[in-house]
Amino acid sequence: MCEIASESPLFSAVMFFFEEDGWKYQRADEKEMLLMYFRGDHASWRCIAQVEPEQELFLFYSVLDSYVPVHKRDDVALFFTRANYGMRIGNFEIDLDDGEVRYKTSLAVSGSEATSEMISRLVYYNLAMMDKYYRGLMRVVFAEISPEEAIQEIESL
């Protein structure tokens, strides 16, 4: 395990999970953050596992490498608003300035209480949601389908 003296117990638990689960990652310099990639059924994307030790908060992001074109950002924002409605864990986000897309899940728990099962459920739910909604997102961006139609297609499966 890659450790430094000031590492929080929560970050240690997060690193332990990813090591035990067989993930390959890079540690971000000077931060309690891990960078990695994941390949789903429909796409590949970057992942960021981040711990905010002062808040005892674990955040996991799935981040697409491609950016939404300016003329499609409003449609994607509407698509995400519809997708997010009723989601119990996590949410989609789009940066309206640069078009970056990500899915975020988070867990507020002390390091001594964080279990690999808790972290696993949070991570794998995140990955499943990005993979599930990816095709609809791409159809909104490239196939001229409305956000409403894309959500209906996805959520009727």
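Relevant structure appears above.
Residues numbered from 1 in each chain as written. Predicted model: local features only at pLDDT ≥ 70, side-chain atom pairs only at ≥ 80, totals over all residues. Heavy atoms only, no water.

**A closer look at the overall build of the protein chain**
Scanning the protein chain from N- to C-terminus turns up 4 helices and 6 strands. By the compact-globule yardstick of 15 Å for 157 residues, the protein chain fits well, its C-alpha radius of gyration being 16 Å. Taken along its principal axes, the extent of the C-alpha atoms in the protein chain is 50 × 30 × 25 Å. At a minimum sequence separation of 6, the contacts of the protein chain that also span at least 24 residues come to 51%. Here the protein chain displays about 8800 Å² of accessible surface, and carbon together with sulfur accounts for 48% of that area. Here the protein chain contributes 15 positively and 28 negatively charged side chains, and the mean placements of these two sets differ by 6 Å. (Helix = DSSP H or I, 4+ residues; strand = E, 2+ residues; numbered from the N terminus. Rg over C-alpha atoms; globule rule 2.2 N^0.38 Å. Contact = heavy atoms within 4.5 Å. Areas by Shrake-Rupley, 256 points an atom, 1.4 Å probe, with all protein chains shown as cover. Lys, Arg positive; Asp, Glu negative; His and termini not counted. Charge placed at Lys NZ, Arg CZ, Asp CG, Glu CD.)

**Let's talk about the pattern of salt bridges**
Enumeration over the complete set of coordinates arrives at 9 salt bridges. The residue Arg46 makes a salt bridge to Asp65 at a minimum N-O spacing of 2.8 Å. Remark: Asp65 occurs in the loop between β4 (57-63) and α2 (73-84) and Arg46 occurs in strand β3 (residues 44-52); sequence separation between them is 19 residues. For Asp65, a relative accessible area of 40% corresponds to the partly exposed category. (Salt bridge = Lys/Arg side-chain N within 4 Å of Asp/Glu carboxyl O. Buried < 20%, exposed > 50% of the residue type's maximum accessible area, 1.4 Å probe, protein only.)

Fair warning: the whole summary comes from geometry, so function is off the table for now.
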